[in-house]
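Understanding the architecture of this molecule
Next come the chains, spelled out residue by residue.
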Amino acid sequence: MSEACTSEPAGAIKAIDKQSVHQICSGQVVLTLATAVKELVENSIDAGATNVDVRLKECGAELVEVSDNGKGVDEANFEGLTLKHHTSKLRDFSDLIHVETFGFRGEALSSLCALSGLSVVTCHESTQVGTKLVFDHKGHLVQQSPQPRQQGTTVSLQQLFNTLPVRYKEFQRNIKKEYAKMIHILQSYCIISTGVRITCSNQNGQAKRSTVLSTSGSQSMRDNIGAIFGAKQLQSILPFQQVSPAENVIEEYGLTVADLPKQLFTMTGFVTRADHGAGRSSTDRQFFYVNNRPCDPVKVTKLVNEVYHMYNRHQYPFVALNIAVASECVDVNVTPDKRQIFLQEEKLLLAILKTSLINMYESGVNKISLNYTLKPSMNTKSASGISQPHTSNEDCPVSPDAKRARKEKPHSPTKHESNTSSKSSSTVDAPVRLQKRTVNLQFSLQELAGKVKRIQDMQRQKDDDDELLYGRFRAKINPGENNSAEEELKKEISKDMFKEMEIIGQFNLGFIIAKLNSDIFMIDQHASDEKYNFEMLQQHNVLQGQKLIVPQKLHLTAISENVLMENIEIFRKNGFEFFVDKEAQVMERVKLVSLPTSKNWTFGPPDIEELIFMLSDSPGVMCRPSRVRQMFASRACRKSVMIGTALSVSEMKKLLVHMGEIEQPWNCPHGRPTMRHLANLDKISQD
């Protein structure tokens, strides 16, 4: 047999070595700082801890340490503690249906060994002296020594992700974002873990260790919310009240009353009131749980926000909602972080949730009274049977049930109506049942397929014609094609091209006609100048602040205080100034001493909260609250070249050069396009 036949063929399939498999899989289990902390906190709670302390150095880049007062690790389990797929939570797959602990796969500590330097100090409830355990990257125990410790366990992670060079570099570069996401995940455990005191602190360099969040171990979810987000948040939330799904909602989800299981789901928790100002500018405080396990139920989250927007269009609710369901009806073994779940009877859950939220918000929204003869002090009965104080239509917001049900205008009462109303102090709206009619429709699948094909052929022909006529720029000057036109300009026009454009002239005292090679463009002189002036104000304007007579307490959460203190210069450029006492109690360290003012514009704590949210996502990046941007947009509009102004060639050239100096030159702050492609001279000459 020849040598070529005995040697291994190129590209042969063979098993990956165990160490490589371990590293590859570990990088999929633990993806972020948040995942690492989550896994350790879950282990502590599973061990029966009532006190969990998370300690970080350099926001977790140098050290992550989680200590608890749980049962501790028995010496018999030292060797298997960090081995892959070693767990005390289940023995075979069938146990997964009834698992009630956070962890069950036996992957977390093994993966953390592969990604960091991991050591454990533990003292089991049956022993008097603790033990320090050091593990290698394979999860093997390499060192064991006695160490004093009370009952419980401490797990330390040094240099997380340092075994994966690319990820380690990204982790270090984005540590502030990683830290903020970790805090959000930790907040979710703080809220749901009643009876468990959870604290988190961080130390940067040689600075004093600062507490980031802390709960008291209360048995109440509401108390935990107050400990994390302060008393101000408690003032705006309502306890969730579950009711049976309404018939119309059941039909909406394609369900039938007869087939619905009874008492499958029980939901508890809190949501924000619907009044304007009670909500938030983002979804940063929304926490969902299934059987006390934090998770991300996409459809549930979407529904909660949609219903809330029926009553408060411009804000998002605070939500802390726990869904209790029989363990055999939920699958949490879907993704490595267990945040995605599968639920049986999910449509029923959504129907209950929608009906319950509408019922809660309807009871708090004044309804239009149809009894125009009653005095304002009297009460009427709403269609739902709930007593409502009668108010005038001018002061009474219309409920969404009234977007949906009917529109009736008050009319002058007849003599009979006046006599009748004088004998009765109230009236009741009578429900009306709508009669449905079934109509048979003619339908042919073959005919439908033929129509679809004809439409597709027409669209292809249109695309071909557009390609011949417009070349690279195919979008027409039409409001419906603004997005397409903007994408084409972004792709084809770079910033340095603006100064290369040749001025052809001014059209209608409002538009500059310019040429670049064989392409002709039309530039809106007002919109382009407005966008330039707006971006200059955004980048360079420092708002002047008005000193407050008495410094104002903000009652920010610990993490929000830290974001503010780390970005104090950005707040100063926005006109906000603060007195910071780093030695004060958490949530009391920052006081507002100066607010930005500008003529008719006034600003306050909501603008500060919005800035904090933006900076949590992009630390150190100069940004403005939305109301400051609105003010700058108004200023930029007033100082820009107006339509109807004649411009010289040099003035038109200056506007084009300015467009090449800004980040987003394609539309003004009010959404008006700045520039559109008119024609290609080569195509015109060919025609």
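As the structure is a computational prediction, the values presented were derived from the model and not from experiment. (Residues numbered from 1 in each chain as written. Predicted model: local features only at pLDDT ≥ 70, side-chain atom pairs only at ≥ 80, totals over all residues. Heavy atoms only, no water.)

1. What about a nonpolar patch on the surface?
The criterion, for reference: Within this analysis, patches are made of residues with over 30% relative accessible area and no salt bridge. Like charges are joined at 9 Å or less; nonpolar side chains (Val, Leu, Ile, Met, Phe, Trp, Tyr) at 5 Å or less. Calculation of accessible area relied on Shrake-Rupley with a 1.4 Å probe; when residues are assessed, cover is drawn exclusively from the protein chains displayed. What makes a salt bridge here is a side-chain nitrogen of Lys or Arg within 4 Å of a carboxyl oxygen of Asp or Glu, nothing more. Numbering of helices and strands starts at the N terminus; helices are DSSP runs of H or I of at least 4 residues and strands are runs of E of at least 2.
The grouping of F443, L445, L448 and V452 at the surface amounts to a nonpolar patch, some 420 Å² of accessible area in total. Assignment of secondary structure puts F443 in the loop between α13 (415–423) and α14 (445–470).

2. Notes on unusual backbone geometry
Of note, the phi angle at N508 is positive, near 60 degrees, even though the residue is not glycine. Its place among the elements puts N508 in the loop between β18 (502–507) and β19 (511–516). With a phi close to 55 degrees, L509 is a non-glycine residue in the positive phi region. Checked against the element boundaries, L509 lands in the loop between β18 and β19.

3. Comments concerning the confidence of the model for the protein chain
Test applied: pLDDT is defined as a per-residue confidence score from the predictor, taking values between 0 and 100. Contacts between residues were defined by any pair of non-hydrogen atoms, one from each residue, lying within 4.5 Å.
Looking at the protein chain, pLDDT values average 81 and 78% of them are 70 or higher. Averaged pLDDT values for the elements of the protein chain fall to 38 in strand β17 (residues 387–389) and rise to 97 in strand β1 (residues 51–57). Low pLDDT, under 50, characterises residues 404–429; the predicted model gives this stretch 23 contacts beyond four residues in sequence or across chains.

4. What about the sheet that holds strand β7 (residues 197–203)?
Applied cut-off: One bridge is not enough; two strands pair if DSSP finds at least two bridges between them. A fitted line through C-alpha atoms serves as each axis, taken over the contacting stretch for helices, and the angle formed by two N-to-C directions is quoted from 0 to 180°.
Read across the open sheet, the eight strands follow the order β5-β4-β3-β6-β2-β1-β7-β8; overall the sheet is mixed. Two strands lie at the open edges of the sheet, namely β5 (141–147) and β8 (210–214), each paired on one side alone. Sheet twist, expressed as the mean angle between neighbouring strand axes with direction ignored, is 15 degrees. Of the pairings in the sheet, the one linking β7 to β8 comprises four bridges and is antiparallel in character. For C200, the partnering residue across the bridge sits in β8 and is L213. Against the sheet, helix α4 (residues 108–115) touches β3 (117–123), β4 (130–135) and β6 (152–158), its axis set at about 135 degrees to β3.

5. Section: helix α10 (residues 298–309)
Spelled out, the test is: A helix's residues, less one, multiplied by 1.5 Å, set its expected span. The buried label applies to any residue whose accessible area, calculated with a 1.4 Å probe on protein chains only, is under 20% of its type's maximum; exposed applies above 50%, and partly exposed to all values in between.
With 12 residues, α10 should reach 16 Å at 1.5 Å per residue; the first-to-last C-alpha distance of 17 Å fits that figure. Taken together, the buried positions of α10 are V300, L303, V304, N305, V307 and Y308. Close packing links the buried residues of α10 with β10 (265–272), β11 (286–290), β13 (319–325) and α11 (346–363).

6. Structural notes on the sheet that holds β10
Backbone-to-backbone hydrogen bonds pair the strands of a sheet. The strands run either parallel or antiparallel. The mixed open sheet is built from five strands, whose spatial order is β9-β10-β13-β11-β12. Across the chains shown, the open sheet's two edge strands, defined by having one partner strand only, are β9 (237–239) and β12 (293–295). Shown here is a sheet whose adjacent strand axes are inclined to one another by a mean of 20 degrees, direction ignored. Running over the sheet, α10 touches β10, β11 and β13 and is turned about 135 degrees from β11.

7. Some thoughts on empty space enclosed by the protein
Which entries qualify depends on this criterion: In this analysis a 1.4 Å probe is tested at points of a 1 Å grid over the protein atoms alone, and where it fits but cannot get out there is a cavity; an open set with protein on both sides within 12 Å along at least five of seven lines is a pocket; lining residues have an atom within 4 Å of a point. Grid points are joined across faces, edges and corners, and a volume is the space filled by probe spheres set on the points.
The full count for this structure, using the stated rule, is two cavities of 30 Å³ or more. Here the largest cavity is characterised by a volume of approximately 100 Å³. Lining the largest cavity we find K176, Y179, A180, I559, N562, V563, E566, N567, L615, S616 and P619. Counting residues per element, the ones that place at least two in the lining of the largest cavity are α6 (175–192), α17 (558–566) and α19 (605–617). The element that contributes the greatest number of residues to the lining of the largest cavity is α17, accounting for four residues. There is about 50 Å³ of room inside the second largest cavity. Around the second largest cavity sit F473, A475, I477, A485, E488, L489, R676 and H677, which together line it.

8. Remarks on helix α21 (residues 649–659)
We count it as follows: By definition, the arc is the one covered by directions from the helix axis to the C-beta atoms.
Burial in α21 covers these residues: M652, L655, L656, H658 and M659. Down the axis of α21, the buried set is contained in an arc of 160 degrees. They therefore lie on one face. Exposed and facing more than 90 degrees away from the buried side of α21 are V649, S650 and K654. Against β18, β19, β20 (519–524), α16 (525–540) and β25 (675–680) lie the buried residues of α21.

9. Brief notes about the nonpolar core
Keep this limit in mind: Among buried residues, the Ala, Val, Leu, Ile, Met, Phe, Trp, Tyr and Cys ones that are joined through side-chain atoms within 4.5 Å form a nonpolar core.
Counting residues in hydrophobic clusters, the biggest one holds 60 residues, and the most contacted among them are M182 and I225. Broken down by element, this core gets its largest block of residues, 10 residues, from α6. With residues near it in sequence (within four places) discarded, M182 still touches L33, A34, V37, L56 and C200. Core analysis: the second largest hydrophobic core is formed by 38 residues, V300, L303, V319 and L321 among them.

10. Topic: the packing of aromatic side chains
This is how the line gets drawn: Stacked, tilted and edge-to-face pairs are distinguished by plane angle, under 30 degrees for stacked and over 60 for edge-to-face with tilted covering the rest, among Phe, Tyr and Trp rings (Trp via its six-membered ring) whose centres lie within 6.5 Å.
Enumeration over the complete set of coordinates arrives at nine aromatic pairs. When the ring of F161 is compared with that of F171, the centres are 5.1 Å apart and the planes differ by 75 degrees; the resulting orientation is edge-to-face. Linking F161 in the loop between β6 and α5 (165–173) with F171 in helix α5, this pair joins segments that are 10 residues apart in sequence. The two residues F161 and F171 agree in class, both being buried. Ring centres of Y311 and Y361 lie 5.4 Å apart, and the angle between their planes is 45 degrees; this geometry places the pair in the tilted category. One end of the pair, Y311, is in the loop between α10 and β13; the other, Y361, is in helix α11, with 50 residues separating them in the sequence. Judged by relative accessible area, which is 16%, Y311 ranks as buried. Ring-pair connections join several aromatic residues into one group, and the members of that group are F229, F287 and F318.

11. What about the packing of α10 against α11?
Axes are the key here: two packed helices are described by the angle between their axes and the distance separating the axes. Stated formally: Working rule for angles: under 35 degrees goes down as roughly parallel, over 145 as roughly antiparallel, 65 to 115 as roughly perpendicular, anything else as oblique. By convention the crossing between two helices is left-handed if the near helix lies anticlockwise of the far one by an angle smaller than a right angle, and right-handed if it lies clockwise. Just so you know the grouping, Ala, Val, Leu, Ile, Met, Phe, Trp, Tyr, Cys and Pro go in nonpolar, Asp, Glu, Lys and Arg go in charged, and all remaining residues, Gly too, go in polar.
Look at α10 against α11: their axes get within 10 Å of each other, and the N-to-C directions meet at 25 degrees. The orientation of α10 with respect to α11, classified from their angle, is roughly parallel. For α10 against α11, the interelement crossing comes out right-handed. Residues K299, V300, L303, V304, V307 and Y308 of α10 form the contact with α11, whose own contacting residues are E346, L349, L350, L353, K354, L357, I358 and Y361. Class assignment for the residues of the contact of α10 with α11 results in 11 nonpolar, no polar and three charged.

12. Looking at the environment of Q159
Let me state the cut-off plainly: Contacts described as polar in this section are N or O atom pairs within 3.5 Å, which, within protein, must combine one atom able to donate a hydrogen with one able to accept it, while residues neighboring in sequence count only if both atoms come from side chains.
Within the secondary structure layout, Q159 lies in the loop between β6 and α5. Here Q159 falls in the partly exposed class, since its relative accessible area comes to 21%. Along the backbone, Q159 and A61 are 98 residues apart, and their C-alpha atoms lie at a distance of 6.2 Å. The residues touching Q159, leaving out its near neighbours within four places in the chain, are A61, E62, L115, S116 and Y168. Side chain to side chain, Q159 and E62 meet in a polar contact 2.7 Å long.

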